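Read off the chains here:
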Amino acid sequence: MQLRQLCKISGVKVCFDTENARDSFYRAAVNFVIDDCSRAAKDMGAAKLNGEDPREFLAGLASNIGLDKFRAATLVCASIATRTRTCFLQCWALEIQGKRPEALDELVKLCRIHYIFPPEDNSAEMEMVSAGLEKNLHVAERVHLLYLYRSICTAGNLKTAAEALGLSLPDE
């Protein structure tokens, strides 16, 4: 956050020795932002990083470190997909342990993340999440997760959650 603030104030850009180092730095920043968004206040639109919207923060940081906007978007989408898979698997693990409140907390985190960084419909990333979850969870388990998601996440995109779980919603 300090690097972004310094670059924003002074107008300078940062150079990395390698693209890999730059991309790794940006991935770490994206994960930091996703963590922050998952803990956002009840008012999901209130998430800010140094007074900036999380999307603006990441876009600005990408520019500050010389990262192409398309590459930055790819890294963000991949991180959101990874976090989506992790949240659903963690939710299920907690659910089968009888820890419903903790399981629902995982879905609240996911809801907040998807509210701030909504995955595109029919994205390759969500298709990969779906393929991974289908290998780890039976249909009934994924349906149960979608039911829990729907019960806890009124601001989230149910279609995206269903897509990530490899399920289809009946026409509403």
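Owing to the predicted nature of the structure, the values given are computational and were not obtained by experimental measurement.

1. Notes on the side chain of Arg22
Here's step 1: Position of Arg22 among the secondary structure elements: in helix α2 (residues 19-38).
Here's step 2: The exposure class assigned to Arg22 is buried, which follows from its relative accessible area of 14%.
Here's step 3: At 3.0 Å, the side chain of Arg22 and the side chain of Asp23 are in polar contact.
Here's step 4: Dropping the residues within four chain positions of it, Arg22 is found in contact with Phe16, Ile65, Gly66 and Leu67.

2. Focus: the pattern of salt bridges
Here's step 1: Under the definition given, this model contains eight salt bridges.
Here's step 2: Connected through salt bridges with shared partners, the residues Arg22, Asp23 and Arg71 form a single ionic network.

3. Re the domain arrangement of the chain
Here's step 1: For the chain, the assigned domains are domain 1 (2-72) and domain 2 (80-165).
Here's step 2: For domain 1 and domain 2, the distance between their C-alpha centres works out to 25 Å.
Here's step 3: Every contact between the two is made by 15 residues of domain 1 and, on the other side, ten residues of domain 2.
Here's step 4: Summing the contributions of domain 1 and of domain 2, the shared interface buries around 1,100 Å²; its carbon and sulfur component is 69%.
Here's step 5: At the boundary of domain 1 and domain 2, one finds one salt bridge.
Here's step 6: Its salt-bridge partner being Asp35, residue Arg83 comes within 2.7 Å of it at the nearest N-O pair.
Here's step 7: Run the count over domain 1 and domain 2 and you get three residue pairs in polar contact (both at pLDDT 80 or more).
Here's step 8: Looking at the side of domain 1 that touches domain 2 element by element, the count peaks at six residues for α2.
Here's step 9: Its residues placed into classes, the side of domain 1 that touches domain 2 shows nine nonpolar, three polar and three charged.

4. Quick notes on the environment of Leu167
Here's step 1: Here Leu167 shows up in the segment after α8 (158-164).
Here's step 2: On the basis of relative accessible area, Leu167 is assigned to the buried category, the value being 16%.
Here's step 3: For the pair formed by Leu167 and Leu107, sequence separation is 60 residues and the distance between their alpha carbons is 17 Å.
Here's step 4: Beyond its immediate chain neighbours, meaning those up to four positions away, Leu167 contacts Val139, Arg142, Val143, Leu146 and Ala162.

Each value, and the rule that gives it
Residues numbered from 1 in each chain as written. Predicted model: local features only at pLDDT ≥ 70, side-chain atom pairs only at ≥ 80, totals over all residues. Heavy atoms only, no water. Helix = DSSP H or I, 4+ residues; strand = E, 2+ residues; numbered from the N terminus. Buried < 20%, exposed > 50% of the residue type's maximum accessible area, 1.4 Å probe, protein only. Polar contact = N/O pair within 3.5 Å; in protein donor to acceptor, adjacent residues only side chain to side chain. Contact = heavy atoms within 4.5 Å. Salt bridge = Lys/Arg side-chain N within 4 Å of Asp/Glu carboxyl O. Domains from an automatic or database assignment. Buried area = accessible area lost by both parts, 1.4 Å probe. Nonpolar A, V, L, I, M, F, W, Y, C, P; charged D, E, K, R; others polar.

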